Structure formats: C-alpha cells, structure tokens
Amino acid sequence: MSNIVDPPMDPLVARIAARVRIERERRRWTLAQLADVSGVSPAMISRIERGESSPTAVVLGKLSAAFQLSVASLLALAEGVRDGVADTGGVRRGADAAEWRDPGTGYRRRQITGPRFPAEIAEIRLPAGARVPYPAAAFAFVRQLVWVLDGRLTFHDGGTVHELDAGDTLELGPPAERVFANTTDAECRYAVVLTRDAQP
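To keep things clear, this report deals only with the structure shown in the data block. (Residues numbered from 1 in each chain as written. Predicted model: local features only at pLDDT ≥ 70, side-chain atom pairs only at ≥ 80, totals over all residues. Heavy atoms only, no water.)

Some thoughts on unusual backbone geometry
Phi is positive for R28, which is not a glycine, with a value near 60°. Here R28 lies in the loop between helix 1 (11-26) and helix 2 (31-38). A relative accessible area of 77% means that R28 is categorised as exposed. Unlike most non-glycine residues, Q68 shows phi in positive territory, near 60°. Mapped onto the fold, Q68 is located in the loop between helix 4 (57-66) and helix 5 (71-79). Looking at Q68, the relative accessible area reads 32%, which means it is partly exposed. (Helix = DSSP H or I, 4+ residues; strand = E, 2+ residues; numbered from the N terminus. Buried < 20%, exposed > 50% of the residue type's maximum accessible area, 1.4 Å probe, protein only.)

So this is what it looks like as structure tokens:
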C-alpha cells in the first residue's frame, strides 16, 4: 500500500473547476460540445472540471471565449464561489486576495474587484520572456483597457504591435486575436480594466 498522499487542491483551482462546470451546464453543453466550441479537448476539460489540472492562460482564454466571457469575468465569477457564498463587496485585503498562476508561463493574475462590481480590474505579473495569446472571441462583448504599471509590455493587437512602458494605457477596440508578451529580462506588471459592452 502506498503512503503517498495527494497534495490538497489549490482553492482557486477548485473554484475555477466549479465555475467551468457551472458555465458548461448552464448552457446544457456536454463535454464534447464545449470541446467543439472551444478547441480544448474533452479529456482536458474533464480534468479541469475535476480539479485535476490547472488550466493554462491559453486554455482559460479558449474556454472563456466559448462561454462569451472574458478571462477576467471567468476568474471573477470563480472567485465569487467561496464555500457557496457569493462575494458581497466591502474591504478586500491584499493578503487575502487569491492569485492565479499559469502553470505554463508563470503568469500571475490577481482579481482586484469582486463579481458584483460593475467593472472588472485585474493585476497581472508577466514574467520575463512570457507570451500569452488569446483568441478574438475572448474579447467579444467587452470594453477593455490595459494599463502598464511596471516594466514593458509588447502587446499584439491583431496585426498591430504596441510597445507599452510604465504609465502607458491602451484602450482596446473591436475583438481581435491578441498577445500579451514580455520580451525583456524583467517582470512586467500591468492592470486590465474591463466593462461589459453588451449581453451575449
């Protein structure tokens, strides 16, 4: 008999798992249907929903696009699933904020606002050399602003590339394939501010 004990599931990974399942079931989709719409394999979706695999930022982007949600929206909704109690606002201590880490790139994302706040704000730390692409559908139905806080961000907006330094902001236009890239040797920290443009 093995004495190896599985490590406890990360609480945020568990909440993301629950949220993905809730969003899929709300639409009455099977795993195969969500796989078809998102381009993520049924096996991977199943592992995510069971909390056996932490999705990468790219996979989250594909799943959120399939649900017609932004990644920020999906994570904000996931953060609201805490022991079955929805976030009701008030003081949010920095030390208590859940931070999601992309297992593929080391990209870290901390949701600043709760799911009931009318705008979604997230703080992102993008490691040196990291590159995170998102499909155009992940930006549907939202208005989004990127604000670089520290370092430099190379932002691919469709066919246009923007080099953004600390203090620079960029308001995004219509949906396009986008890439957040850090081509420097130092971490880049930026904020994403998002509001819903129309209901899907």
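A few points about the sheet that holds strand 2 (residues 108-111)
The strand order across the open sheet formed by 6 strands is 1-2-3-10-5-8, and the pairing between neighbours is antiparallel. Bordering the open sheet on either side are strand 1 (99-101) and strand 8 (169-171), each of which pairs with just one other strand. Across the sheet, the mean angle separating the axes of adjacent strands is 20° when strand polarity is ignored. By the bridge criterion, 8 bridges tie strand 5 (residues 142-150) to strand 10 (residues 188-196) in an arrangement that is antiparallel. Note on strand 10: the bridge partner recorded for W147 is A191. (Pairing = 2+ DSSP bridges. Axes fitted to C-alpha atoms, helices over the stretch in contact; angles between N-to-C directions.)

So, helix 5
Within helix 5, 8 of the 9 residues are buried, which leaves it mostly tucked inside the rest of the structure. Considered for burial, the residues of helix 5 that qualify are V71, A72, S73, L74, L75, A76, A78 and E79.

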